[in-house]
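Remarks on the overall topology
Residue-level listing of the chains:
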Amino acid sequence: MEYLIGIQGPDFVLVAADNVAASSIIQMKQDQDKMFKLSDKILLLCVGEAGDTVQFAEYIQKNIQLYKMRNEHSLQQRYGNDLFPTPYHVNLLLAGFDETDGPGLYFMDYLSALAKAPFAAHGYGAYLTLSILDRYYRPDLTRDEAVELLKKCIEELNKRLIINLPSFSVRLIDKDGIHDLEKLVPVGAK
Amino acid sequence: VRQKNSAEYLSESPIQFGQINPNIASNFINTLHQDLVLSFPPGFPPSCSPSVPLPFTMSHGTTTLAFIFQGGVIAAADTRSSCNGLVACPASQKILPVHSHLVGTTSGTSADCALWKRILARELRLYQLRHGRRLSTAGAAKLLAHMLHPFKGTELCVAATLCGWDGGERPSLYYVCSDGTRLQGELFSVGSGSPYAYSVLDGGVRWGLTVEEATSLARQAVYRATHRDAYSGNCVDVYHITSKGWALKTLPCKEETIYKQDPETLPPSHLR
């Protein structure tokens, strides 16, 4: 039901998540933010079982803040992937910008599989959009091209996915930090 | 009785007050299941073990709703408590005041909701005494969600909306569920009758409603849901929360009064 997507460029990572918080057949909230800020340049996108997502993400978020306070420097991005099989049923995308390693996008699922990937998606929508990403992705995408690729994916969801996802939050991470981009609202059916 | 000093109270967590870890408990009881199942007293389901059957099926029939508008927060609910196809109580209270400026609608298992509301009220009062100020609705929602989280995966079922007025400034509405969901919003409806209530509310809720219009709309929405949902019914309780606190809006519980408030939607004459 929920959807996450991340696209890594040469010096940025673009991420987007849908905004629906649902309970069985009802959309309880249409402006839910599924991205959690772990540090100035790291975002955790989290979907999965209701309740587990927020509990887990906030737990990681607060522990990383605690680490930062104790050790006076923040956790580097790749060490933020310290997962082990937990009873939490959550699927994650971790996106960030590291001073030494550059931009990075990590795909994690509830079985604690971890993979660094140039692009990734979670949810039923992933089945529809991964082939679009396979076809059009290049490692040297500009920011505008990445946003256009994201729009292509969202239009496809709007056309073919049985679940209505009315809007998506979009954020971009680069050396200057996390930037909020305009919410994407797919219009009408084609 | 030994008096506890304040330092000990600060380190006590509201979560640990005697229950054992549900995962450990169910593993333990599963291994001894054959021996122990007959020695449990009939009608006593331990809350931490899903393998012991409950004495009767609990159903979660209810319609509750809450929304924010310019005049504060309106919370409304039906008054039917159902139990496996029977109406256990036609005049139950599903909206429970937590303190003077916070009210919670309850849905799920009545006993669980009543207990956890009281625990929440206790913890909020302790917070107020220790820190000299009332906890915000957001804080109360987070506290309730964290207190319910250890029971995830058990039969505990609490779905509440906390409607309150924060610090004399603004109204606030949070939905908290025992599966861990915690959402902030401006309009929520919970329970088996909630889809019917949502459809009436979505067509009428606006920020600029007057207090009378909002009360009438809330009552209409619950009434329409009770008409369609078998597990909701009887009367409608409406609470209005403002900066001065909560107030119960009572009306005689007769269908004609509800219909009379909304003449545009009078039913066909054979149903009146």
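Computed from a predicted structure; not experimentally measured.

1. A word on the overall build of chain A
Helix and strand counts for chain A come out as 3 helices and 12 strands. Taking 16 Å as the expected radius of gyration for a compact globule of 190 residues, we find that chain A reaches 16 Å, a close match to that expectation. The principal-axis extents of the C-alpha atoms in chain A amount to approximately 55 × 40 × 25 Å. Taken across its 190 residues, chain A has 51% of its residues classed as buried. Within chain A, counting contacts between residues at least 6 apart in sequence, those at least 24 apart form 59% of the total. With the model as given, the accessible surface of chain A reaches about 9,900 Å², and the carbon-plus-sulfur share is 53%. Here chain A carries 20 positive and 26 negative side-chain charges, and the mean point of each set is 3 Å from the other.

2. A short note on unusual backbone geometry
In this structure, A:Ser24 takes a positive phi of about 55 degrees despite not being glycine. Within the secondary structure, A:Ser24 sits in the loop between β3 (21–23) and β4 (26–29).

3. Notes on helix α5 (residues 137–148) of chain B
Between its first and last C-alpha atoms α5(B) spans 16 Å; for 12 residues at 1.5 Å apiece the expected length is 16 Å, and the two agree. Looking at the buried residues of α5(B), the elements they touch are α1 (52–71) of chain A together with β6 (102–108), α4 (110–131), β7 (158–166), β8 (170–177) and β9 (182–184) of chain B.

4. Regarding the interface of chain A and chain B
Taken together, the contact pairs 13 residues of chain A with 17 residues of chain B. Together, the buried faces of chain A and chain B total about 1,200 Å²; carbon and sulfur atoms form 53% of this surface. Three residues, A:Ile26, A:Met28 and A:Gln55, lead the burial of chain A against chain B; their summed loss comes to 44% of the area buried on that side. Summed over the shared surface of chain A and chain B, the number is 6 residue pairs in polar contact (both at pLDDT 80 or more). Residue assignment for the side of chain A that touches chain B shows that the elements contributing at least two residues are β4 and α1 of chain A. Tallying contributions element by element places α1(A) first for the side of chain A that touches chain B, with 4 residues. Of the residues assigned to the side of chain A that touches chain B, the class counts are 6 nonpolar, 3 polar and 4 charged.

5. Focus: the pairing of β7(B)
Residue and element names in this part refer to chain B. In terms of residue burial, β7 counts as a mostly covered element, since 9 of its 9 residues are buried. Burial along β7 is two-sided: the residues Val-158, Ala-160, Leu-162, Gly-164 and Asp-166 and Ala-159, Thr-161, Cys-163 and Trp-165 are all buried. As defined by bridge partners, β6 adjoins β7 across 7 bridges and the pair is classed as antiparallel. Paired with Leu-102 across the bridge in β7 is Gly-164. Two elements, β7 and β8, share 8 bridges in a ladder whose sense is antiparallel. Across the sheet, the residue bridging to Cys-163 is Leu-173, located in β8.

6. Some details on the state of the cysteines
Residues and elements named next belong to chain B. Scanning the entire structure with this criterion turns up 0 disulfides over all chains. For Cys-89, which is in no disulfide, the shortest distance to another cysteine sulfur is to Cys-235 and amounts to 10 Å. Residue Cys-163 stays outside any disulfide, its sulfur separated by 13 Å from that of Cys-113, the closest cysteine. Of the residues examined, Cys-163 reaches a relative accessible area of 0% and is grouped as buried.

7. Structural notes on the layout of surface pockets
One number sums up the size of the largest pocket: a volume of about 910 Å³. Around the largest pocket sit 40 residues that line it, and A:Met1, A:Glu2, A:Val20, A:Ala22 and A:Gly48 are the ones nearest its centre. Breaking the lining of the largest pocket down by element, the ones donating at least two residues are β3, β4, β6 (42–48), α1 and α2 (124–136) of chain A together with β8 and β9 of chain B. In terms of residue class, the lining of the largest pocket is made up of 20 nonpolar, 13 polar and 7 charged.

8. What about the sheet that holds strand β5 (residues 95–99) of chain B?
All names here are of chain B. Pairing is antiparallel across the open sheet formed by 5 strands, whose spatial order is β5-β6-β7-β8-β9. The sheet terminates laterally at β5 and β9, the two strands that pair on one side only. Each strand axis lies, on average, 20 degrees off the axis of its neighbour in the sheet, ignoring direction.

9. Observations regarding the UniProt feature "active site" (unreviewed entry) in chain B
Residues and elements named next belong to chain B. The positions UniProt marks with the feature "active site" (unreviewed entry) are Thr-62. Summarising the element assignment, Thr-62 is placed in the loop between α3 (33–36) and β1 (64–69). Setting aside its immediate chain neighbours within four residues, Thr-62 contacts Asp-78, Lys-94, Thr-106, Ser-107, Val-190, Gly-191, Ser-192, Gly-193, Asp-229, Tyr-231 and Ser-232.

10. Overview of the packing of helix α6 (residues 194–202) of chain B against helix α7 (residues 211–228) of chain B
For any two helices packed against each other, the geometry comes down to the angle between their axes and how far apart the axes lie. Residue and element names in this part refer to chain B. Put simply, α6 and α7 touch, their axes get as near as 8 Å, and they point 145 degrees apart. α7 is crossed by α6, and the crossing has right-handed handedness. Contact with α6, carried on its side by Tyr-196, Ala-197, Val-200 and Leu-201, involves Leu-217, Ala-221, Arg-224, Ala-225 and Arg-228 of α7 and no other residues of that element. Across the contact of α6 with α7, the residue classes break down as 7 nonpolar, no polar and 2 charged.

11. Concerning the nonpolar core
All names here are of chain A. Ranked by internal contacts, the top residues of the largest apolar core, which has 26 residues, are Tyr-3, Ile-5 and Leu-150. Listed by contribution, the elements that provide at least two residues to this core are β1 (4–8), β2 (12–18), β10 (119–122), α2, α3 (143–160) and β11 (168–174). Top contributing element to this core by residue count: α3, with 6 residues. Every residue in contact with Ile-5, bar those within four places of it in the chain, is listed here: Leu-14, Val-15, Ala-16, Leu-45, Leu-93, Ala-120, Ala-121, Leu-133, Leu-150 and Cys-153.

12. Thoughts on the pattern of salt bridges
Summed over all chains, the structure comprises 19 salt bridges over all chains. For the salt bridge of A:Glu2 with A:Lys34, the shortest nitrogen-to-oxygen distance reads 2.9 Å. In this pair, A:Glu2 sits in the segment before β1 while A:Lys34 sits in the loop between β4 and β5 (35–39), placing the two residues 32 residues apart along the sequence. On the accessibility criterion, A:Glu2 (24% relative accessible area) is partly exposed. Accessibility expressed as a relative area gives 5% for A:Lys34, which makes it buried. A salt bridge links B:Asp78 to B:Lys94; its shortest N-O distance comes to 3.1 Å. Of this pair, B:Asp78 sits in strand β2 (residues 72–78) while B:Lys94 sits in the loop between β4 (86–89) and β5, and the two are 16 residues apart along the sequence. Taking the relative accessible area as the measure of exposure, B:Asp78 reaches 0% and is therefore buried. Within this structure, A:Glu2, A:Asp18 and A:Lys34 form a network of salt bridges that share partners.

What counts, and where the lines are drawn
Residues numbered from 1 in each chain as written. Chains lettered and ligands numbered in written order. Predicted model: local features only at pLDDT ≥ 70, side-chain atom pairs only at ≥ 80, totals over all residues. Heavy atoms only, no water. Helix = DSSP H or I, 4+ residues; strand = E, 2+ residues; numbered from the N terminus. Rg over C-alpha atoms; globule rule 2.2 N^0.38 Å. Buried < 20%, exposed > 50% of the residue type's maximum accessible area, 1.4 Å probe, protein only. Contact = heavy atoms within 4.5 Å. Areas by Shrake-Rupley, 256 points an atom, 1.4 Å probe, with all protein chains shown as cover. Lys, Arg positive; Asp, Glu negative; His and termini not counted. Charge placed at Lys NZ, Arg CZ, Asp CG, Glu CD. Expected span 1.5 Å × (residues − 1). Buried area = accessible area lost by both parts, 1.4 Å probe. Polar contact = N/O pair within 3.5 Å; in protein donor to acceptor, adjacent residues only side chain to side chain. Nonpolar A, V, L, I, M, F, W, Y, C, P; charged D, E, K, R; others polar. Pairing = 2+ DSSP bridges. Disulfide = S-S within 2.5 Å. 1 Å grid on protein atoms, 1.4 Å probe; cavity = no way out; pocket = protein on both sides within 12 Å on 5 of 7 lines; lining within 4 Å. Points joined across faces, edges and corners; volume = space filled by probe spheres on them. Axes fitted to C-alpha atoms, helices over the stretch in contact; angles between N-to-C directions. UniProt positions renumbered as here; feature names shortened; annotations may be inferred. Left-handed = near helix turned anticlockwise from the far one by under 90°. Core = buried A, V, L, I, M, F, W, Y, C linked by side-chain atoms within 4.5 Å. Salt bridge = Lys/Arg side-chain N within 4 Å of Asp/Glu carboxyl O.

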